Amino acid sequence: MRDLNNTHMPENVFWGKDALLKNAVELLSLGNKCLILTGGSSARLSGALDDAEKVLKEIGVEYEIFSKVGPNPLLSVCHEAGKTANEINADFIFGIGGGSVLDAAKAVAIYAANPDLKPEDIYIRTYKYSPLPVALVGTTSGTGSEVTGVSVLTNDATGRKKSISGVDCYAKLVFADHRYTASMPRSVAISTGLDAFSHAVEGWFAPKMQESVKIFAIKGLPLIWSGLCSFANGDDCDENLIESMYYGSLYAGLVINTCGTAFPHPLGYVLTENYGVPHGQACAAFLPAFFERASVYAPEKLYELEKLLDSDKDEIIRVLKALSVTKDIIISAEQAKKFAERWEDAIPKNFAASPGGLTPEEAARLLVLNIS
Ligand code: NAP
Ligand code: ZN
């Protein structure tokens, strides 16, 4: 049996303003040609793609751009990008975007090195060749994918989200500059902020939480919480807020990197897959129920968290509900039973890592009660 008291954090992150502009030369360690992976428009809008093109030209790294990655990245699109990377003989993958693009980059790196792999075979996790190296620049303040060894992908055939994870899913280089998140629409900033908060909170109560990781939660949670309170107050999004939310999301990423996520995440997947709810909003819809269970099954940990945030459970739930967009979704008991078919992976992991655990029947009840 593996010891729970283990941290594996192989991140190589350049933090802060102009991180990419000042440290681009590091990319030469990954090769001389890359495939830049982006979504439809945010990489350009954020300024990150302009900066990347500028520095790649300066250091003499050739590149081509693949800009077809959408939210909740599809296996088929990652597969297509992997083929492109292979055909142009890319040495590395350079993902620039929100969590969807960053996650896609990790999968594209696997397909690029293994062009004979069928899209669904990525879940088998034994490949002939190691993935290409990956460099990342984030443009949202939510997933923390920059620092996790996780890639969440959507299987075209089933419409379900399913992750791959492991040592081969970490980026080799990350350039973390909060300024690239300034162009996020307010709705994206709120949703991604809720995701970051979910990560740190779910990790806080997880059995794998340990002192070496708790320091990241202690650092990140107040940053994210103050940002969410500002959004709930209707405050403008100034640079301080953007900065707090972005680096807070990276600290929260370092928390889930060790602790994993609890029940709000798999329950949230149901809302994303079936109702199109953005990831952060979808997970946060179940945080009020998560806090209620924490007050019953882990009151001491909850008390410590309330002190850290200088807000009690009821105030936290009030802010979460004020920011929620899922109030109008109604799920019947029959539908909830059907969605419960997807708990197979969640029961031993996310449900077991939640305060008091969670049974599939309780999960179905939460789907019915929590949203409507
Ligand atoms: P996202 O799906 O990457 O992006 C959402 C939307 O925001 C897209 O339309 C995107 O536009 C736009 N956008 C991104 N950055 C922007 C910017 N700076 N300015 C303007 N628009 C911007 O959202 P996300 O919440 O960051 O990522 C969610 C995905 O990450 C989900 O699939 C989730 O399951 C996964 N996730 C992964 C981890 C992990 O550890 N790996 C953890 C949590 C969640 P474009 O399409 O133009 O780019
Ligand atoms: Zn998440």
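If you're wondering where the values come from, they're calculated on a predicted model, not measured in any experiment.

Q: For this particular structure, what's the right way to read the overall build of the chain?
A: A tally of regular secondary structure across the chain gives 16 helices and 8 strands. What you see for the chain is a C-alpha radius of gyration of 20 Å, in line with the 21 Å of a compact globule of 372 residues. Dimensions along the principal axes, computed over C-alpha positions, put the chain at roughly 55 × 40 × 40 Å. When burial is assessed residue by residue, the chain has 57% of its 372 residues classed as buried.

Q: Explain the coordination of the zinc ion (ligand 2) here, please?
A: The expected angle between donors at a tetrahedral four-coordinate metal is 109.5 degrees. At an octahedral six-coordinate metal it is 90 or 180 degrees. Of the protein atoms, only Asp195 (OD), His199 (NE2), His265 (NE2) and His279 (NE2) coordinate the zinc ion (ligand 2), at distances of 2.1 to 2.2 Å. If you look at the zinc ion (ligand 2), its 4 donor atoms make angles of 83 to 166° with each other, and the shape they trace is irregular. Linear spacing of the donor residues for the zinc ion (ligand 2) on their chain is D-x3-H-x65-H-x13-H. On the criterion of sequence distance, the pair formed by histidine 199 in helix α6 (residues 186-204) and histidine 279 in helix α10 (residues 279-284) is long-range, its members being 80 residues apart.

Q: Which parts of the structure should I look at to understand the pairing of strand β8 (residues 173-176)?
A: Covered by surrounding structure in β8 are Leu173 and Phe175 together with Val174 and Ala176, the residues of both alternating faces. Judged from the 3 bridges that link them, strand β1 (residues 13-15) and β8 form a sheet pairing that is parallel. Its bridge partner being in β8, phenylalanine 14 is matched across the sheet by phenylalanine 175. Judged from the 2 bridges that link them, strand β5 (residues 134-138) and β8 form a sheet pairing that is parallel. When the bridges of β8 are listed, alanine 135 appears paired with leucine 173.

Q: Explain the domain arrangement of the chain to me, please; I cannot follow it from the model alone.
A: Quoted interface sizes are often the accessible area lost when the parts come together. One can read the domain layout of the chain as domain 1 (12-181) and domain 2 (186-371). Each of domain 1 and domain 2 was reduced to a C-alpha centroid, and the two centroids are 26 Å apart. Each partner contributes residues to the interface: domain 1 has 26 residues there, and domain 2 has 26 residues. Note on domain 1 versus domain 2: buried area summed over both sides is about 2100 Å², and carbon and sulfur give 60% of it. Its largest share of buried area at the contact with domain 2, domain 1 owes to Ser141, Lys161 and His178, together 30% of the area lost on that side. At the boundary of domain 1 with domain 2, the tally comes to 0 salt bridges. At the boundary of domain 1 and domain 2, one finds 7 residue pairs in polar contact (both at pLDDT 80 or more). Considering each element in turn, the side of domain 1 that touches domain 2 owes the most residues, 3 residues, to strand β7 (residues 161-165).

Each value, and the rule that gives it
Residues numbered from 1 in each chain as written. Chains lettered and ligands numbered in written order. Predicted model: local features only at pLDDT ≥ 70, side-chain atom pairs only at ≥ 80, totals over all residues. Heavy atoms only, no water. Helix = DSSP H or I, 4+ residues; strand = E, 2+ residues; numbered from the N terminus. Rg over C-alpha atoms; globule rule 2.2 N^0.38 Å. Buried < 20%, exposed > 50% of the residue type's maximum accessible area, 1.4 Å probe, protein only. Donors = N, O, S within 2.8 Å, 3.2 Å for Na, K, Ca; no water. Tetrahedral: all angles 85-135°; square planar, octahedral: opposite > 155°, others 65-115°. Pairing = 2+ DSSP bridges. Domains from an automatic or database assignment. Contact = heavy atoms within 4.5 Å. Buried area = accessible area lost by both parts, 1.4 Å probe. Salt bridge = Lys/Arg side-chain N within 4 Å of Asp/Glu carboxyl O. Polar contact = N/O pair within 3.5 Å; in protein donor to acceptor, adjacent residues only side chain to side chain.

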